[in-house]
Amino acid sequence: PGNSQEQQPLSAANARRMAQQTLVGREIVGGAAEGSVLYADTGLSFWGGCDPQTGVIVDHTHPLHNECVCGRVLAIPNGRGSCTGSQVVLELLLNGVAPAALLLRTPDVILSLGVIVAEELFGHSIPIVSLGDSFDRLEAHTHAAVAGSTVICGAGPLPPAPRSFSTADERLAASALQLEPEERAMLAGE
């Protein structure tokens, strides 16, 4: 009685797609990245907590002790401790051992400053997104793809997240704002 159709087993790709979640947060630093998730529900002090030469978390009291952030999507609720954490984030970027992206529960000006300085002065950057209450959903996922304020998370490698405008220049170019020739000249310093 009831439904006579047999249910077909899910393919691995369809099961993965069904397990994906899309989260939208507040874009702190724009960009796109993808990688395995390194999640902790405890804030991390980068100053003294993460080796800027290797990317290894050296704080023996942190749940991610001995994990390497390099190329991974680091998900922590916030930074903690010294404002020198900005310098460590800058050094991680310059040494090529930074996380692929940083996902936070709450915006963190200290960590963001390190990325912004690296981006402005050296052309190195990673996306930073503050997810608010959605942050805790990351714990159940092994991979994340970030683009602007959008985070797609799931199991295994993911397709790129939809691209959003991540820089002021890109947002301006996409807007309906039209500058007059004299305004363009003024911006060019003429």
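You'll find the structure just up there.
We now turn to the structure provided with this report. (Residues numbered from 1 in each chain as written. Predicted model: local features only at pLDDT ≥ 70, side-chain atom pairs only at ≥ 80, totals over all residues. Heavy atoms only, no water.)

1. Digging into the overall build of the protein chain
When you go through the protein chain residue by residue, the secondary structure sums to five helices and eight strands. Tracing the protein chain from N to C terminus, the helices and strands come up as α-β-β-β-β-α-β-α-β-β-β-α-α. Out of the 190 residues in the protein chain, the part that is buried amounts to 41%. Partitioning the contacts of the protein chain with sequence separation of at least 6, the portion at a separation of at least 24 is 71%. (Helix = DSSP H or I, 4+ residues; strand = E, 2+ residues; numbered from the N terminus. Buried < 20%, exposed > 50% of the residue type's maximum accessible area, 1.4 Å probe, protein only. Contact = heavy atoms within 4.5 Å.)

2. Considerations on the nonpolar core
With 25 residues, the main nonpolar core has Phe-46, Leu-74, Ile-76 and Leu-102 as its most contacted residues. For this core, the secondary structure elements donating two or more residues are helix 2 (85-94), strand 5 (101-104) and helix 3 (109-122). If one sorts the elements of this core by residue count, helix 2 sits on top with five residues. Excluding residues within four positions of it along the chain, Ile-76 makes contact with Ala-40, Thr-42, Leu-44, Phe-46, Leu-102, Leu-103, Leu-104, Arg-105, Leu-111 and Phe-135. (Core = buried A, V, L, I, M, F, W, Y, C linked by side-chain atoms within 4.5 Å.)

3. Regarding the pattern of salt bridges
With the rule as written, the count across this model stands at three salt bridges. Notably, a salt bridge pairs Arg-80 with Asp-59, separated by 3.0 Å at the nearest N-O pair. Taken as a pair, Arg-80 in the loop between strand 4 (73-75) and helix 2 and Asp-59 in the loop between strand 3 (32-39) and strand 4 lie far apart in primary sequence, 21 residues in all. You can call Asp-59 buried: its relative accessible area is 13%. (Salt bridge = Lys/Arg side-chain N within 4 Å of Asp/Glu carboxyl O.)

4. Notes on the sheet that holds strand 8 (residues 150-154)
The eight strands are arranged 1-8-7-3-4-5-6-2 in an open sheet whose pairing can be described as mixed. The strands lining the two open edges of the sheet, one partner per strand, are strand 1 (21-24) and strand 2 (26-29). Direction aside, neighbouring strands of the sheet carry axes that sit 25 degrees apart on average. Bridge count for strand 2 against strand 6 (residues 128-130) is three bridges, and the pairing is antiparallel. (Pairing = 2+ DSSP bridges. Axes fitted to C-alpha atoms, helices over the stretch in contact; angles between N-to-C directions.)

5. Some words on helix 2
The periodicity of an α-helix, 3.6 residues per turn, causes residues three or four positions apart to be oriented the same way. With seven of its 10 residues buried, helix 2 lies for the most part within the structure. Taken residue by residue, helix 2 has Gly-85, Ser-86, Val-88, Val-89, Leu-90, Leu-92 and Leu-93 as its buried positions. Looking at the buried positions of helix 2, the neighbouring elements they touch are helix 3. Positioned one or two residues after helix 2, Gly-96 has a phi angle of 75 degrees, which is positive.

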